[in-house]
Structure formats: structure tokens, C-alpha cells
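# Inside the fold
As a plain string of letters, each chain reads:
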Amino acid sequence: MHSVTMNDGNKIPQLGYGVFQMTSDEVRACLPRAIEAGYRHIDTANMYLNERAVGEVIAACGVPREELFVTTKFFPQSYPYEKCAEAIDKTLARLGLDYIDLLLFHQPYGEYVDGWRAMEEAVRAGKVHSIGLSNFSAEKVQEVLDVATIKPAVLQVEINPYWNQHELKAELAEHGITFEGWYPLGHGDAGLLNAPVFTELAARYGKTPAQVIMRWHIQEGNVVFPKTLSPAHMDDNLDIFDFELTEDEMARINALPQKAYYHVADEAPEWAMAEVDVDAAQQ
Ligand SMILES: NC(=O)c1ccc[n+]([C@@H]2O[C@H](COP(=O)([O-])OP(=O)(O)OC[C@H]3O[C@@H](n4cnc5c(N)ncnc54)[C@H](OP(=O)(O)O)[C@@H]3O)[C@@H](O)[C@H]2O)c1
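Anyway, here's the lowdown on the structure attached to this text. Bear in mind that the values here come from a model prediction, so they are computed numbers and not experimental data.

Basis of the calculations
- For every chain, the first residue of its written sequence is number 1, and the numbers climb from 1 along that sequence.
- It should be noted that, the model being predicted, local features are given only for residues of pLDDT at least 70 and side-chain atom pairs only at 80 or more, the latter also being counted only at that level, while totals for whole chains, interfaces and linings use all residues.
- Here the side-chain values reflect all heavy atoms present in the structure, with hydrogen atoms and water set aside.
- Think of it in three bands: with a 1.4 Å probe and only protein chains considered, a residue is buried below 20% of the maximum accessible area for its type, exposed above 50%, and partly exposed in between.
- Secondary structure counts use DSSP, requiring at least four H or I residues in a row for a helix and at least two E residues in a row for a strand, with both numbered from the N terminus.
- One requirement defines pairing of two strands: DSSP has to find at least two bridges between them.
- Crossovers are described as right-handed under a simple rule: with the strands pointing away from the observer, the path leading from the first strand over the helix to the second runs clockwise.
- Any residue with a heavy atom lying within 4 Å of a molecule or strand is counted as near it.
- Here a polar contact means two N or O atoms within 3.5 Å. Within protein one must be a hydrogen donor candidate and the other an acceptor candidate, and residues neighboring in sequence count only if both atoms are side-chain atoms.
- Surface exposure here means Shrake-Rupley accessible area, sampled with a 1.4 Å probe, where a residue is shielded only by the protein chains that are shown.
- The residue classification treats Ala, Val, Leu, Ile, Met, Phe, Trp, Tyr, Cys and Pro as nonpolar and Asp, Glu, Lys and Arg as charged. All others, Gly included, are polar.

Turning our eyes to something else, we now look at the pairing of strand S8 (residues 154-158). Within S8, 5 of the 5 residues are buried, which leaves it mostly tucked inside the rest of the structure. Bridge count between strand S7 (residues 128-134) and S8: 3 bridges; the pairing is parallel. Bridged to Gly-132 within S8 is Val-154. This β-α-β element, S7 to helix H5 (residues 138-147) to S8, shows right-handed connectivity. Examined bridge by bridge, S8 and strand S9 (residues 178-182) share 5 bridges and lie parallel to one another. Looking at the pairing, Leu-155 lines up with Phe-179 of S9. Note that the unit made of S8, helix H6 (residues 166-172) and S9 has a crossover that is right-handed.

As C-alpha cells, then:
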């Protein structure tokens, strides 16, 4: 598996398996097959309400812990400095792990500046190896950088050919932050998957349009973890290392009109600030 070295020196597999909107039963059914197929990087979150099932699969899968890379994410309820440490311990307990490879602040609201200190302490305590942010604008990343003694290693944002984030990447380039892309396949949007440039390139390389998009991500340097319940798609999404898009082909894809699927609001929406008992709410 190709991996990327982050600005803290730790390595992250460039391809992973995301479990957003998967029930615990779906995780128990699909994640073992994904690990068997070769995935070693799992992307979950407190608010996916499936961390306990992810932990059960990890415990049973037979792959040594150090060969797996596990990302999870906090919601704003866990950012306040005095709450963060307990939230990390509860997250570790749900996952059945003694360290988290990458822990992100999931949403750009609440006490993320103050809480960053607790994230850094968790790194020093060995409970978390790398820390990062998700859905933060360049301005909000800068607020964290202003207080950080450990820079965010990762920024996880929407990235796909319709929202390539070249601007945000350029704005933050000097910090060496690794970009992770959610909605890598446009959340399964048929309009993206059937766009003429992808069907044409798929026919040229004997691949599917989704594989062409996955290949574009790899060549863009994005870390991605498409979600799929389908064993065939799990295999397809990994089978992208035997062809390469040319510079012209990359430029054609990068010339597609840009529009995000999802708008991240500046002000905190009510759902982002909700207090949820994550242990009790596992689905
Ligand atoms: N930080 C954040 O705020 C945030 C937000 C959203 C997502 N995420 C993360 O990003 C991950 C991926 O995002 P996502 O699940 O929303 O969207 P996605 O991975 O872009 O799309 C998933 C959809 O694509 C389909 N698909 C997957 N592989 C395919 C293939 N080879 N060919 C055709 N269709 C394919 C899947 O259907 P089938 O099941 O039929 O294959 C599913 O409907 C999440 O699981 C989560 O870990 C993070």
C-alpha cells in the first residue's frame, strides 16, 4: 500500500476504507472483507456511532495492530480542554485500542483553539500518534497554527474532481499539511461517475470511471478512503496502481467546472453543537 509521510514524520496509507453512514452491523459485515482485500487504513468518527463495531472487527481480524492505521474524529462537544482527555479515553475504550493513529477535530466550531492543547498532550502521552482537522477553512486552520506546538498533520475536507481544493492547498502549502478527501467519489453521484471524461479515460485504460477518479486522487497526492458496501467496489478501488494518467489527462480533469457538493457553514449549525452520549448511541 502506498503511503504518505505527514509533517510529523508519521506515515499514512494513501488509500483507506471509510465507514461513514454504516451501521454497526454493516461494519461487522463489510470491514472484515475490506481488511481481507488489503485495506489497512480505516476512517471512522465518534459521530458515526460505529466505533465499537470497528474495534470488534480490528480485534478479530488477525492483522497486527501496527499494520493498521485508524482515524477517528471528535465532535465539538469534546473540544473543551477539560473534556478532551476524557473523550480520548472513552474513544480508545470504544475502539478497544491503546492508541489512535490519527485524531481529528471533525467540525470547525466550538473551542477548537483551546482544545488543541489537549490534543497535543494526548500525542505526548502516546494515546494519539497524529492530530489534525476536518472541514476547517484556511483562516480557522491558521487560528490553530497560531497556538500549536504540534501542527495539524492532516486536513480532511471534501475533495473530488468537482471540488479539487487547489486553492485551499495553495493557501496552506507552507505547512506541509496532508490533504485527505471526503466524498472522493462524489458520495456515489452518477453525474460524476458518468461524466464523459471519466467514461472516455476508463475505456482507454480498461478501468471503471470510479477507478480513474481514484487514480486522479492518488496522483493529486490526496489521501482517500471511499466507502462501499460492495466487495467488487472494494477490490476496484484498490486496483488503481497499474496505470497512470498523463499530465494532459490530469489537466483535463482539473479543468472541470468546480462546485462543492456540500457547503460548510461559517457559523456553528445546531447539530454540530449537540451533546450526545456517544457510548449509549452506538448504532
Ligand atoms: N470529515 C467529514 O466531514 C466527512 C464527510 C463525509 C465523509 N467522510 C469520510 O469519507 C468517506 C467517504 O465518503 P462518502 O462515503 O460520503 O462518499 P464516497 O466514498 O465518495 O462515495 C460512496 C458511494 O460511492 C459508491 N462507490 C464506492 N466505490 C465505488 C466504485 N468503485 N464504483 C461505483 N460506485 C462506488 C458507494 O456505493 P456502493 O456501496 O454501492 O459501492 C457509495 O454509495 C466516508 O466514509 C468517511 O470516512 C468524512
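Still more ground to cover, so stick around.
As summarised here, the arrangement of the 8 strands in space is S3-S4-S5-S6-S7-S8-S9-S10, forming an open sheet in which the pairing is parallel. Either end of the sheet is taken by a strand with one partner, and the two such strands are strand S3 (17-18) and strand S10 (223-224). Here S9 runs beside S10; their pairing, made up of 2 bridges, is parallel. The partner of Glu-180 across the bridge, within S10, is Val-223.

The environment of the ligand is made up of 27 residues, and the closest members are Asp-43, Leu-185, His-187, Thr-228 and His-233. In the environment of the ligand, an oxygen atom lies 3.5 Å from a nitrogen or oxygen atom belonging to the backbone of Gly-186. Notes on the ligand: free accessible area 890 Å², of which the protein chains cover 86%. Classifying every residue of the shell around the ligand by side-chain character gives 12 nonpolar, 12 polar and 3 charged.

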